[in-house]
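# Structure assessment
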Amino acid sequence: MCIRDSSYDATWTESQTAQAAQDLGTPGRLEPNRRTGDSIEPIVLPPVLESQPGVAEAGAVLRGSALLPASDRSAEFLAVDAARPDLIVGELRRRDRVLVAVDALVRRRPDVDAIANPGSPAALELQLNAPGEPEPDVVEEDVTDGEATADEAVDEPPPPPPEPFAGTVSLVVRDADGLVHRLDGGAIGPGGNDLVFELSARLDDGSLVPARAPLDVVGLDIGSPARRVAGEDLEVALGPLVAVDVDGSRTSVPWVASDLLASTEVFGFLGTQAGMTIDEARTDGGRIVTIAPGATAFGIVPVVHTLEPRTIAGEQADAVPVVVSASWLTESGTAVGDVVPMSLGRSDDVRVEVVDVVDAVPSIDPTMVDAVLVDLPTLLWSEREPGRSPREPSEYWFAEDGEVDSVALALPPVEATSVELVRERIDRLLSDPAAVASIGALLLGFLAAASFALVGFLVTVAVSASERRVEFGLLSALGLTAGQRRRWLSLERLILVVTAVGLGTFLGWLLARLILPVVSLSNDGT
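Residues numbered from 1 in each chain as written. Predicted model: local features only at pLDDT ≥ 70, side-chain atom pairs only at ≥ 80, totals over all residues. Heavy atoms only, no water.

In terms of helices and strands, the chain carries eleven helices and 24 strands. A total of 526 residues make up the chain; the buried ones form 42% of that total. Considering only contacts in the chain between residues 6 or more positions apart, those separated by 24 or more positions represent 76%. As displayed, the chain has an accessible area near 27,300 Å², and 56% of this comes from carbon and sulfur atoms. (Helix = DSSP H or I, 4+ residues; strand = E, 2+ residues; numbered from the N terminus. Buried < 20%, exposed > 50% of the residue type's maximum accessible area, 1.4 Å probe, protein only. Contact = heavy atoms within 4.5 Å. Areas by Shrake-Rupley, 256 points an atom, 1.4 Å probe, with all protein chains shown as cover.)

Among the nonpolar cores identified, the biggest contains 73 residues, and Leu30, Leu49, Phe77, Leu128 and Phe398 are the most heavily contacted of them. Broken down by element, the residue count for this core peaks at five residues, all from strand E2 (residues 55-67). Among residues more than four places away in sequence, those in contact with Phe77 are Leu62, Arg63, Gly64, Ser65, Ala66, Leu344, Gly345, Val372, Val374, Leu379 and Arg391. Counting residues in hydrophobic clusters, the runner-up holds 20 residues, among them Val80, Ile88, Leu105 and Ala399. (Core = buried A, V, L, I, M, F, W, Y, C linked by side-chain atoms within 4.5 Å.)

So, on to the packing of aromatic side chains. Overall, the coordinates contain zero aromatic pairs when judged by the stated rule. Above the plane of the ring of Trp381 lies Arg384, whose end atom (NZ or CZ) is 4.2 Å from the centre. (Phe/Tyr/Trp six-rings, centres within 6.5 Å; stacked < 30°, edge-to-face > 60°. Lys NZ or Arg CZ within 6 Å of the ring centre and 35° of its normal.)

Scanning all chains against the criterion turns up 25 salt bridges. Asp177 is paired through a salt bridge with Arg84; the nearest N and O atoms lie 2.9 Å apart. Here Asp177 is found in the loop between strand E6 (167-174) and strand E7 (180-188), whereas its partner Arg84 is found in the loop between strand E3 (74-80) and helix H3 (85-89), with 93 residues between them in sequence. What makes Asp177 buried here is its relative accessible area of 11%. In the salt-bridge network here, residues are joined through shared partners; they are Glu50, Glu57, Asp81, Arg84, Arg109, Asp177, Arg212 and Asp375. (Salt bridge = Lys/Arg side-chain N within 4 Å of Asp/Glu carboxyl O.)

Looking now at a nonpolar patch on the surface. A cluster of nonpolar side chains, namely Phe506, Leu507, Trp509, Leu510 and Leu514, defines an oily patch on the protein surface of about 530 Å² accessible area. For Phe506, the location among the structural elements is in helix H11 (residues 482-520). Classification of Phe506 by relative accessible area gives partly exposed; the value is 45%. (Patch = residues over 30% accessible without salt bridge, like charges linked within 9 Å, V, L, I, M, F, W, Y side chains within 5 Å.)

The end-to-end C-alpha distance of helix H4 (residues 95-107) is 19 Å, a good match for the 18 Å that 13 residues give at a rise of 1.5 Å each. When H4 is considered as a whole, its buried residues turn out to be Val98, Ala101, Val102, Ala104 and Leu105. An end-on view of H4 places all buried positions within 150 degrees of arc, on one side of the element. Opposite the packed face of H4, turned more than 90 degrees from it, sit the exposed residues Asp96 and Arg107. (Expected span 1.5 Å × (residues − 1). Arc of directions from axis to C-beta.)

Across the junction of Ala213 and Pro214, the peptide omega takes the value 5 degrees, indicating a cis bond. The residue Pro214 is located in the loop between strand E10 (208-210) and strand E11 (216-223) in this model. Here Pro412 and Pro413 are connected by a cis peptide whose omega angle stands at 5 degrees. Structurally, Pro413 is set in the loop between helix H7 (406-409) and strand E24 (418-421). Located in the positive-phi region is Ser363, a residue other than glycine, with phi close to 70 degrees. Relative to the assigned elements, Ser363 resides in the loop between strand E21 (350-358) and strand E22 (370-375). Although it is not a glycine, Glu415 adopts a positive phi angle of roughly 55 degrees. By the secondary structure assignment, Glu415 is in the loop between H7 and E24.

This part covers the confidence of the model for the chain. Chain-level pLDDT for the chain is 81 on average; 82% of the residues reach the 70-or-more range. Per-residue pLDDT, averaged within each element of the chain, yields its smallest value for helix H1 (residues 2-24) (66) and its largest for helix H2 (residues 45-50) (94). Low pLDDT, under 50, characterises residues 520-526; the stretch is placed with 20 contacts to residues that sit more than four places away or in other chains. (pLDDT = per-residue confidence, 0-100.)

Summarising the element assignment, Thr378 is placed in helix H6 (residues 376-382). For Thr378, the contacting residues outside a window of four places in its chain are Arg109, Pro110, Val320 and Pro321.

If you want it as structure tokens, here you go:
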């Protein structure tokens, strides 16, 4: 029973440690603050998280539901940065097998030749000059109207002035992890517009934490609704992109002087077609573009004009590589190497290629739901469309370098809405009342059995000595000394004890091997 108690305690500790690692999939996990106005942008949150005490590495994660068309099999998908295997696997059981599958996702990540920004910029600045003059401040004048006479001529109302240029500008960048982000530059109007795209977060101590470098420029989106009345094309001047480093130094990035491709996406019906053409390059590294705003009589129709390097235009994988759980592969009737349509958290389907299969995916219970593992940078790149904002991570995983204070992560600057640590979950599982009661009951049983065994052994010795009194007297008459009798009895008791302990140990080990794995590896310890 002592062997069984010790085996139960050790097996329970091991199983609950593995269970906690499987539940979280990483040493630490948090959900970000999504409040508008005071939350840290997703492009900056991982380095801000890594600046906190005890956090060694952090990465973005996206999870949702996945559905295979023409099938009732649903699954949960997990999109992670597959280039960080130590972060996403943690202490997961069958770790080596998962690492092989994750490596297959990394090898199929698209190689994108975008325009790199130098250094570690804290912000990007861009000047945009639109046609027209800014509207002057309206000053009300006191005008006294006289009575009109029949002889006075009535002037025709003047034609309406052309609609002023208005819209928004967004810069699409890709960080060092390969994640695509859309940075809002704000509203633009006639005249000069100085746009600033923030790439850093300021901490309470005044220091700036920039996004992970190098940063690549993927494209520039100019959003402007179609006009109600068709008008002339608009000539827009784009200045060079200026990278402002953390130390205040400024570097010009003549990205708009590169080989660019213009495209236009219309979200509705237009009576007059919209479009954009690229004109001559400016000497300062800028570029002149001509925008045909289009016209419509059907309310507001958004139009997005996009500039992107020609080297990345159309650079999207034919199919997104995924790793699936063995149960999903069996139930869906697919095989490794198949290309099938699948919804990954959105209404529209994407083509996915099954590249490998695993028994378990981090943080997804294989006994409850099927699982799909996908590389987050590859997924975001495949969804890249003009005017379409990339999906934001639903959570962030991090590895510890020391001990992380989960309470501190709920405070500024991170302000996480929830924080989970694998070591804290292990402590909760190991203090589960069912496990403690089972181990305590086994310990009490061992102590009671040991007490009864000791009493029984002493009684057996006393009874045996009393029954063998005649035998001892006869042997003494034949010359057996008292010392020889004591050694003889000691050897006899030793053989008995060794035999009993050996048989008990073997039976305890056999019982632990046959029964305890079934008992102690369950989720609730019963």
